[in-house]
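# Understanding the architecture of this molecule
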Amino acid sequence: MNTEKVSKKQKGNDVNHVLPAVFDSVEHAVKTLKLDRRHKWEEWNGELSYPYKYSHTCTGCDGGGCNECGYHGNSITYVPVPAFMPDGSIVKVRSLK
Ligand SMILES: [Zn+2]
């Protein structure tokens, strides 16, 4: 963390308007941070992320097909990919649950 850089930026003309530490909603964060709307952004454990889908060879059958992978030989896994603030921290969204 380079706090010196941040304070210098804040002293100057307010080009980077102050971002909230925690956004009120997913929509607010996506809009404010101009995130890619092609992703399905959602709040996940208080953090903003989208599910990244990737397929890999099924570990149950090594690609041969079994009922775990629906006989396709591939398993699909969803991994949450977080959004980042300009300072590199993960975007926080107030949990509605
Ligand atoms: Zn399989």
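Just so you know, these numbers come straight off a predicted model, no measurement behind them.

Reading the values: rules and limits
Residues numbered from 1 in each chain as written. Predicted model: local features only at pLDDT ≥ 70, side-chain atom pairs only at ≥ 80, totals over all residues. Helix = DSSP H or I, 4+ residues; strand = E, 2+ residues; numbered from the N terminus. Contact = placed C-beta atoms within 7 Å. Core = buried A, V, L, I, M, F, W, Y, C linked by C-beta atoms within 7 Å. Buried ≥ 20, exposed ≤ 12 C-beta atoms within 10 Å, placed from the backbone. Pairing = 2+ DSSP bridges. pLDDT = per-residue confidence, 0-100.

What follows deals with the overall build of the chain. Looking only at helices and strands, the chain has 2 helices and 3 strands in total. Considering only contacts within the chain whose residues lie at least 6 apart along the sequence, 46% involve residues at least 24 apart.

On to the environment of cysteine 69, then. With respect to the secondary-structure elements, cysteine 69 resides in the loop between β2 (47-57) and β3 (74-82). Along the primary structure cysteine 69 and cysteine 58 are separated by 11 residues, whereas in three dimensions their C-alpha atoms are 6.3 Å apart. Not counting chain neighbours up to four residues away, the residues in contact with cysteine 69 comprise Cys58, Gly60, Cys61, Asn74 and Ser75.

With 10 residues, the main nonpolar core is built from Phe23, Val26, Ala29, Val30, Trp41, Leu48, Tyr50, Ala83, Val91 and Val93. Looking at this core, the elements with two or more residues in it are α2 (26-32) and β2. At 3 residues, the largest contribution of residues to this core is made by α2. For valine 26, the residues in contact, after removing those within four places along its chain, are Trp41, Glu42, Glu43, Leu48 and Val93.

Another point: the environment of tyrosine 71. Mapping tyrosine 71 onto the fold places it in the loop between β2 and β3. Overall, tyrosine 71 belongs to the exposed group, with 11 C-beta atoms counted inside 10 Å. The spacing of tyrosine 71 and cysteine 61 is 10 residues in sequence and 9.1 Å in space, taken between C-alpha atoms. Contact partners of tyrosine 71, with chain neighbours within four places excluded, come to Gly65 and Cys66.

Here 3 bridges tie strand β1 (residues 42-44) to β2, and the two strands are oriented antiparallel to one another. Paired with glutamate 43 across the strands is leucine 48, a residue of β2. Counted along the chain from β1 to the antiparallel partner β2, the turn is 2 residues long, and its residue asparagine 45 has a positive phi close to 55°. When β2 meets β3, the two strands line up antiparallel, connected through 9 bridges. In the strand pairing of β3, tyrosine 54 is matched with threonine 77.

Turning next to the confidence of the model for the chain. Mean pLDDT over the chain works out to 86, with 80% of the residues at or above the 70 mark. Contacts of residues 7-15 to residues separated by more than four positions or lying in other chains number 1 contact, the stretch itself having pLDDT below 50.

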